[in-house]
Amino acid sequence: MPQHHPRDLAEGDPFGPDTLPYGVFTTPDAPDRPRVGVRYGAHVLDAAAAAAAHGSAYADLLAAPTLNPLMAAGRPAWQAVRAEVRGWLDEPYFHPLEEVTLHLPFEVADYVDFYASEHHAANVGRIFRPGGEALTPNWKHLPIGYHGRAGTVVVTGTDVVRPQGQRKAPGDDLPTFGPSLRLDIEAEVGFVVGTPAPDNTPVPLSDFREHVFGVCLVNDWSSRDLQSWEYVPLGPFLGKSFATSVSAWITPLDAFDASRTAPPARTYPLLPYLDDSADEPGGIDLRIEVTINGETVSRPPFSAMYWTAAQQLAHMTVNGASLRTGDFYASGTVSGPEPDQLGCLLELTRGKGPFLADGDEVTLTAWAPGANGARIGLGEVTGRITPARTAPPGA
Ligand SMILES: O=C(O)/C=C/C(=O)CC(=O)CC(=O)O
Ligand SMILES: [Ca+2]
Ligand SMILES: [Mg+2]
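Residues numbered from 1 in each chain as written. Chains lettered and ligands numbered in written order. Predicted model: local features only at pLDDT ≥ 70, side-chain atom pairs only at ≥ 80, totals over all residues. Heavy atoms only, no water.

Asker: What should I look at first to understand the packing of aromatic side chains in this one?
Answerer: Think of a pair of aromatic rings as described by two things: how far the centres are apart, and how the planes are tilted against each other in angle. In this structure the tally under the stated criterion is twelve aromatic pairs. Ring geometry for Y22 versus F213: centroids 5.7 Å apart, planes at 35°, classification tilted. A residue pair is termed long-range when its members are at least 10 positions apart, and Y22 in strand β1 (residues 22-27) and F213 in strand β14 (residues 212-219) qualify at 191 residues. One exposure class covers both Y22 and F213, and it is buried. An angle of 55° between the planes, with centres 5.4 Å apart, marks the rings of W139 and Y306 as tilted. Of this pair, W139 sits in the loop between α5 (118-128) and β7 (145-147) while Y306 is found in the loop between β21 (295-298) and α9 (309-317), placing the two residues 167 residues apart along the sequence. The two residues W139 and Y306 agree in class, both being buried. (Phe/Tyr/Trp six-rings, centres within 6.5 Å; stacked < 30°, edge-to-face > 60°. Helix = DSSP H or I, 4+ residues; strand = E, 2+ residues; numbered from the N terminus. Buried < 20%, exposed > 50% of the residue type's maximum accessible area, 1.4 Å probe, protein only.)

Asker: Help me understand the environment of G283 in this model?
Answerer: For G283, the position within the fold is in strand β19 (residues 283-284). Separated by 23 residues in sequence, G283 and R260 place their C-alpha atoms 5.6 Å apart. Setting aside residues no more than four positions away along its own chain, G283 makes contact with S259, R260, T261, P263 and T308. (Contact = heavy atoms within 4.5 Å.)

Asker: Mind showing me how you'd approach the coordination of the calcium ion (ligand 2) here?
Answerer: Metal coordination angles have textbook ideals: 109.5 degrees for a tetrahedral set of four donors and 90 or 180 degrees for an octahedral set of six. Bound to the calcium ion (ligand 2) are the protein donor atoms D113 (OD), E186 (OE), E188 (OE) and D220 (OD), situated 2.2 to 2.3 Å from the metal. Note that the calcium ion (ligand 2) binds six donor atoms; their angles at the metal cover 75 to 165°, and the shape is irregular. Mapped onto the sequence, the donors of the calcium ion (ligand 2) take the spacing D-x72-E-x1-E-x31-D. Its relative accessible area of 1% is what places E188 among the buried residues. (Donors = N, O, S within 2.8 Å, 3.2 Å for Na, K, Ca; no water. Tetrahedral: all angles 85-135°; square planar, octahedral: opposite > 155°, others 65-115°.)

Asker: What should I look at first to understand the UniProt feature "domain: Fumarylacetoacetase N-terminal" (unreviewed entry) in the chain in this one?
Answerer: The feature "domain: Fumarylacetoacetase N-terminal" (unreviewed entry), as annotated in UniProt, sits at residues 20-105 in this numbering. Here residues 20-105 is 33% helix and 31% strand, with 14 Å between the C-alpha atoms at its ends. (UniProt positions renumbered as here; feature names shortened; annotations may be inferred.)

Asker: Would you take a moment to explain the site of ligand 1 for this structure?
Answerer: Taken together, 18 residues sit near ligand 1, with Y115, R129, Q227, K240 and T333 positioned nearest. Within the side chain of Q227, an N or O atom sits 2.9 Å from an oxygen atom of ligand 1. In the complex, 95% of the free accessible area of ligand 1, which totals 380 Å², lies under the protein chains. For the shell around ligand 1, the per-class residue count stands at seven nonpolar, four polar and seven charged. (Near = heavy atom within 4 Å. Polar contact = N/O pair within 3.5 Å; in protein donor to acceptor, adjacent residues only side chain to side chain. Areas by Shrake-Rupley, 256 points an atom, 1.4 Å probe, with all protein chains shown as cover. Nonpolar A, V, L, I, M, F, W, Y, C, P; charged D, E, K, R; others polar.)

Asker: Looking at this structure, I do not really get the sheet that holds strand β20 (residues 287-292). What am I missing?
Answerer: Pairing between the strands of a sheet is mediated by backbone hydrogen bonds and can be parallel or antiparallel. Taken in spatial order, the five strands of this open sheet run β9-β24-β23-β20-β21, and their pairing is mixed. On the outer flanks of this sheet lie β9 (160-161) and β21, each paired with one strand and no other. Pairing geometry for β20 and strand β23 (residues 361-369), over six bridges, is antiparallel. In the strand pairing of β23, R287 is matched with W367. (Pairing = 2+ DSSP bridges.)

Asker: Help me understand the domain arrangement of the chain in this model?
Answerer: Often, the extent of an interface is quoted as the loss of accessible area on bringing the components together. What the domain assignment lists for the chain is domain 1 (22-103) and domain 2 (111-386). Taking only C-alpha atoms, the centre of domain 1 and the centre of domain 2 are 28 Å apart. Every contact between the two is made by 19 residues of domain 1 and, on the other side, 18 residues of domain 2. Each partner contributes to the roughly 1,600 Å² buried at the junction of domain 1 and domain 2, and carbon and sulfur atoms together form 66% of this total. In terms of surface lost to domain 2, no three residues of domain 1 exceed Y22, M71 and R75, which account for 39% of the buried area on that side. Across the domain 1-domain 2 interface, the total number found is two salt bridges. A salt bridge links E210 to R75, with the shortest nitrogen-to-oxygen separation between them at 3.5 Å. Inspection of the domain 1/domain 2 interface yields four residue pairs in polar contact (both at pLDDT 80 or more). Sorting the residues of the side of domain 1 that touches domain 2 by element identifies β1, β2 (30-40), α3 (68-72), α4 (75-86) and β5 (101-103) as the ones contributing at least two each. Tallied by class, the residues present in the side of domain 1 that touches domain 2 amount to ten nonpolar, six polar and three charged. (Domains from an automatic or database assignment. Buried area = accessible area lost by both parts, 1.4 Å probe. Salt bridge = Lys/Arg side-chain N within 4 Å of Asp/Glu carboxyl O.)

Take a look at the structure:
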């Protein structure tokens, strides 16, 4: 096994000892043995091998083919494993990143997508509902969301086949069918639930850290032509369910302790279950970069989000709904106030396009300021558009 030592870490590497995200990987010599790894610089620590060698109490969790058993073990276990991993960083259990295959790191239970950027919601409202109010009357009173399709969450690097479906341009009398003509991205931040919660036990804001295992980047691919025709009155459906890409690394929430930031001032007082005015700052100062075919098109600031991940979790459970290990929710498109901070092409092009072409490759990266000038990186999420696969039915 190749030797590696912490001193090999490049200056300013956002995957240093304060980051330590978890993923699931295989090596060419054992392609049928997915196991838990920890990213450190340009290497992957074989956490399963290190844990076994040390007789760790968590060895079985780290030998699992998904992060779910570790996620289900709860926060005290997450903290204990993170401390043990720190002790393994100068030992010979590393593989160069380019020599491993990274897999979808967790088994997705339910998937929810929110709509938490005021800038995004107002911009999209103006484009989709010209003449109406930009924000709907409920927007500042509850974090709006919808249930997405858990089974089509895919790991970074997976090609995205252009979706097909119905659309109707404003001037057309009848809908037509075909490959999406307005295929878009949405730059988002995802939150992965570890500790479950039984039904009828809403998760208060103060218990957010007990339940959320970690954070990742998300690209919520969106077909604007399918979406704008189908979404009334029940919300997004086939325009978003064909694929949602996530990064291969889940960064523990604790890594962002030094990156916490207060969310924007609230316009209205919030109901008690959402009122975070007396809590620790609920935002995270994550700086996202969106590139298309290698060119930077936007730098969305996650600190500008109106609703926090803790509020979203409290809202998801306030009606009595239970939580399962592997439940996954995305922040909603991250857009800031400036024209170069918008999280989707719909906004970046003011609804006019161009949208994604076949062959386009989109990559999201992000980092947050950590302690003592360190950077806390999120793993990248990348995907390439391939042509629509089949002829439409009846063609
Ligand atoms: O109808 C609308 O106002 C727009 C809805 C969305 O695009 C949903 C969505 O994915 C929200 C988001 O990512 O912020
Ligand atoms: Ca979205
Ligand atoms: Mg999606």
